[in-house]
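# Descriptive structure summary
Okay, here's what each chain looks like letter by letter:
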Amino acid sequence: MAAAAPAGSGTPREEEGPGGEAGAAQPQAPTSGPGARLSRLPLARVKALVKADPDVTLAGQEAIFVLARAAELFVETIARDAYCCAQQGKRKTLQRRDLDNAIEAVDEFAFLEGTLD
């Protein structure tokens, strides 16, 4: 098993698969069957956000699912890094300054600098 990158490093965590190859199993697009909920974000809300962009005329269901999954992963990543900042301050509750610190510490979040002002 490959060593996981430390939280807050901005490096993706990789796990070895059964064949010794790095990578995690990819979720499939949602099916129409009951209980087939692979996204934690409501897809109708994601679709509404996509349609709010005047440059987007059509968006397929698979594209909406991929965008929802990407948003979930982004929120998980920034929340994990912000929580590490909170732990350094000996706190369990996330505060705005923890998000600010995570944005400053991780290069991948550079595009967010100044958005919380």
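Residues numbered from 1 in each chain as written. Predicted model: local features only at pLDDT ≥ 70, side-chain atom pairs only at ≥ 80, totals over all residues. Heavy atoms only, no water.

In the nomenclature of an unreviewed UniProt entry, the protein chain is known as DNA polymerase epsilon subunit 4 of Heterocephalus glaber. Database annotation for the protein chain, UniProt heading Subcellular location (unreviewed entry): "Nucleus". Quoted verbatim from the Function (unreviewed entry) field of UniProt, the annotation for the protein chain is "Accessory component of the DNA polymerase epsilon complex. Participates in DNA repair and in chromosomal DNA replication." (UniProt positions renumbered as here; feature names shortened; annotations may be inferred.)

What follows deals with the packing of aromatic side chains. Enumeration according to the criterion identifies two aromatic pairs in this entry. With 5.9 Å between their ring centres and 90° between their planes, Phe-74 and Phe-109 make a pair best called edge-to-face. In this pair, Phe-74 sits in helix α2 (residues 61-88) while Phe-109 sits in the segment after α3 (96-105), placing the two residues 35 residues apart along the sequence. According to the relative accessible area criterion, Phe-74 is partly exposed, its value standing at 31%. Here the aromatic rings of Phe-74 and Phe-111 are separated by 6.2 Å at their centres, their planes lie at 45°, and the arrangement is tilted. Placement of the pair is Phe-74 in helix α2 and Phe-111 in the segment after α3, with a sequence separation of 37 residues. Of the residues examined, Phe-111 reaches a relative accessible area of 57% and is grouped as exposed. Among the aromatic side chains, those forming a connected cluster through ring pairs are Phe-74, Phe-109 and Phe-111. (Phe/Tyr/Trp six-rings, centres within 6.5 Å; stacked < 30°, edge-to-face > 60°. Helix = DSSP H or I, 4+ residues; strand = E, 2+ residues; numbered from the N terminus. Buried < 20%, exposed > 50% of the residue type's maximum accessible area, 1.4 Å probe, protein only.)

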